[in-house]
Amino acid sequence: MPATRPPIDQIFAGKILAYSETAAGLALAPDAEEIVETLLDALERGEVRAAEKGEDGVWRAVAWVKRGILLGFRVGRMVEMSIGGHHGEPRFAFFDKHVYTPQQLALTSGVRIVPGGSAVRRGAYLAPGVVCMPPMYVNVGAWIGAGTMVDSHALVGSCAQIGERVHLSAAAQIGGVLEPVNSAPVVIEDDVLVGGNCGVYEGTIVRARAVLAAGVVLTRGTPVFDLVNERVYRGDADHALEIPSGAVVVPGARAVNRGWGKEQGLSLQTPVIVKYRDERTDLAAALEGWLR
């Protein structure tokens, strides 16, 4: 009979927080590995998340979930995960902590993973209807909603939260924020288009229906200039950078206005909101015009 797993409740979360505070060099509680396995199973089913959106619309990290993921690295043992090497086959050498093996997704999972070097790490949730084009990678703690496309060479980092019907274009990088555990999450809400070679990192929230044109890079410290509303969006130590719902963001530049940089005619890269999505506008044509 399989072991009965503990329920996911406040007592369970309290154990994770207590175990994660165990000083280095001291033995962990005997059930620490079982606790981690239970958490990873719950993450994969989408029952718990590394970040949650409150009724006030604010996304907040779930510290005990992140601490549980970090606890998994502590209880893990390095094991052989290599592929091949039999009967003269090439051997692809991989070694990782035993609790973080690649997920064994099945046809019944409803996730379409095209062959060609993709991997989904344990503790990530992929809803039925997600499509993964090779090669791509989804790290522990990530959450990906139904109908989302993860295109070739895209990365979904640890604990990143990706909504439904999102398109992560080729080479898009969605950064992960695992430590510190209370750090603002990286969030892409529903119906967002993330263009090729985009990077969204360290405490950035892209609200629903926004469009990031190819090459846009966003971090919490990045100023984003809104030409429509004539304002600048910035994050700070306590707040994530937020891209408004429906915003269309393209790469831009702003001039250096003082000192030697001004004398040299230099400019700094900065994202610019050039319009907001509406049903009457052909988005592709509008983007092409601005990028030209």
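Further up the page is the structure itself.
This section reports on the structure supplied with the text.

Structural notes on the overall build of the protein
For step 1, the next point in the chain: Counting its secondary structure elements, the protein contains five helices and 28 strands.
For step 2, the next point in the chain: Expected size for 292 residues packed as a compact globule is a radius of gyration near 19 Å; at 21 Å, the protein falls within 12% of this value.
For step 3, the next point in the chain: The principal-axis extents of the C-alpha atoms in the protein amount to approximately 65 × 45 × 40 Å.
For step 4, the next point in the chain: For the protein, with 292 residues in total, the buried portion stands at 44%.
For step 5, the next point in the chain: For the protein, restricting intrachain contacts to residue pairs at least 6 apart in sequence, the fraction spanning at least 24 positions comes to 41%.
For step 6, the next point in the chain: Looking at the protein as shown, the accessible area adds up to about 15,200 Å², and 54% of this sits on carbon and sulfur atoms.
For step 7, the next point in the chain: Across the protein, the 28 positively charged side chains and the 32 negatively charged ones have centroids separated by 3 Å.

Examining the nonpolar core
For step 1, the next point in the chain: Core analysis: the biggest nonpolar cluster contains 38 residues, and Leu126, Val138, Val156, Ile188, Val206 and Leu212 have the highest contact counts within it.
For step 2, the next point in the chain: Elements with a minimum of two residues in this core: strand E26 (241-243) and strand E27 (247-255).
For step 3, the next point in the chain: For Leu126, the residues in contact, after removing those within four places along its chain, are Val111, Val120, Cys132, Val138 and Ile144.
For step 4, the next point in the chain: Formed by 24 residues, the second largest nonpolar core is a distinct cluster that contains Val36, Leu40, Leu71 and Val99.

Some remarks on the side chain of Glu37
For step 1, the next point in the chain: Here Glu37 shows up in helix H2 (residues 32-45).
For step 2, the next point in the chain: A relative accessible area of 15% places Glu37 in the buried class.
For step 3, the next point in the chain: Beyond its immediate stretch of four places on either side in the chain, Glu37 contacts Arg5, Val99 and Arg122.

Observations regarding the state of the cysteines
For step 1, the next point in the chain: With the rule as written, the count across this model stands at zero disulfides.
For step 2, the next point in the chain: Left unpaired, Cys198 is separated from the closest cysteine sulfur, that of Cys132, by 19 Å.

Looking at the sheet that holds strand E23 (residues 217-218)
For step 1, the next point in the chain: If you trace the six strands from one edge of the open sheet to the other, you get E8-E11-E14-E17-E20-E23, paired in parallel fashion. Looking along the sheet, the strands with just one partner apiece sit at the ends: strand E8 (119-120) and E23.
For step 2, the next point in the chain: Sheet topology note: the strand E11 (residues 137-138)/strand E14 (residues 155-156) ladder contains two bridges and is parallel. Directly across from Tyr137, in E14, lies its bridge partner Leu155.

Some points on the packing of aromatic side chains
For step 1, the next point in the chain: Summed over all chains, the structure comprises three aromatic pairs.
For step 2, the next point in the chain: Residue placement shows Arg49 over the ring face of Trp143; its charged tip is 3.7 Å from the ring centre.

Let's talk about the sheet that holds strand E21 (residues 204-206)
For step 1, the next point in the chain: With parallel pairing, six strands are arranged side by side in an open sheet as E9-E12-E15-E18-E21-E26. In the strand order of this sheet, the two ends are held by strand E9 (125-126) and E26, each with one partner.

What about the pairing of E27?
For a regular strand, side-chain orientation follows a simple rule: the groups alternate between the two sheet faces.
For step 1, the next point in the chain: Where strand E22 (residues 211-212) and E27 come together, two bridges link them in parallel fashion. For Val211, the partnering residue across the bridge sits in E27 and is Val248.
For step 2, the next point in the chain: With nine bridges connecting them, E27 and strand E28 (residues 267-276) associate as antiparallel partners. Across the sheet, the residue bridging to Gly252 is Thr270, located in E28.

Observations regarding the pattern of salt bridges
For step 1, the next point in the chain: Under the definition given, this model contains 15 salt bridges.
For step 2, the next point in the chain: With a closest N to O distance of 3.8 Å, Arg77 and Glu33 form a salt bridge. Residue Arg77 is located in the loop between helix H3 (63-75) and strand E3 (78-80), and its partner Glu33 is located in helix H2; the two are separated by 44 residues in the primary sequence.
For step 3, the next point in the chain: With a relative accessible area of 48%, Arg77 lands in the partly exposed category.
For step 4, the next point in the chain: Taking relative accessible area as the criterion, Glu33 reaches 31% and is therefore assigned partly exposed.
For step 5, the next point in the chain: We note a salt bridge from Asp56 to Arg60, for which the minimum N-O separation is 2.7 Å.
For step 6, the next point in the chain: One continuous salt-bridge network, built from bridges that share partners, spans Glu37, Asp41, Glu44 and Arg122.

Cut-off values and rules
- Residues numbered from 1 in each chain as written.
- Predicted model: local features only at pLDDT ≥ 70, side-chain atom pairs only at ≥ 80, totals over all residues.
- Heavy atoms only, no water.
- Helix = DSSP H or I, 4+ residues; strand = E, 2+ residues; numbered from the N terminus.
- Rg over C-alpha atoms; globule rule 2.2 N^0.38 Å.
- Buried < 20%, exposed > 50% of the residue type's maximum accessible area, 1.4 Å probe, protein only.
- Contact = heavy atoms within 4.5 Å.
- Areas by Shrake-Rupley, 256 points an atom, 1.4 Å probe, with all protein chains shown as cover.
- Lys, Arg positive; Asp, Glu negative; His and termini not counted.
- Charge placed at Lys NZ, Arg CZ, Asp CG, Glu CD.
- Core = buried A, V, L, I, M, F, W, Y, C linked by side-chain atoms within 4.5 Å.
- Disulfide = S-S within 2.5 Å.
- Pairing = 2+ DSSP bridges.
- Phe/Tyr/Trp six-rings, centres within 6.5 Å; stacked < 30°, edge-to-face > 60°.
- Lys NZ or Arg CZ within 6 Å of the ring centre and 35° of its normal.
- Salt bridge = Lys/Arg side-chain N within 4 Å of Asp/Glu carboxyl O.

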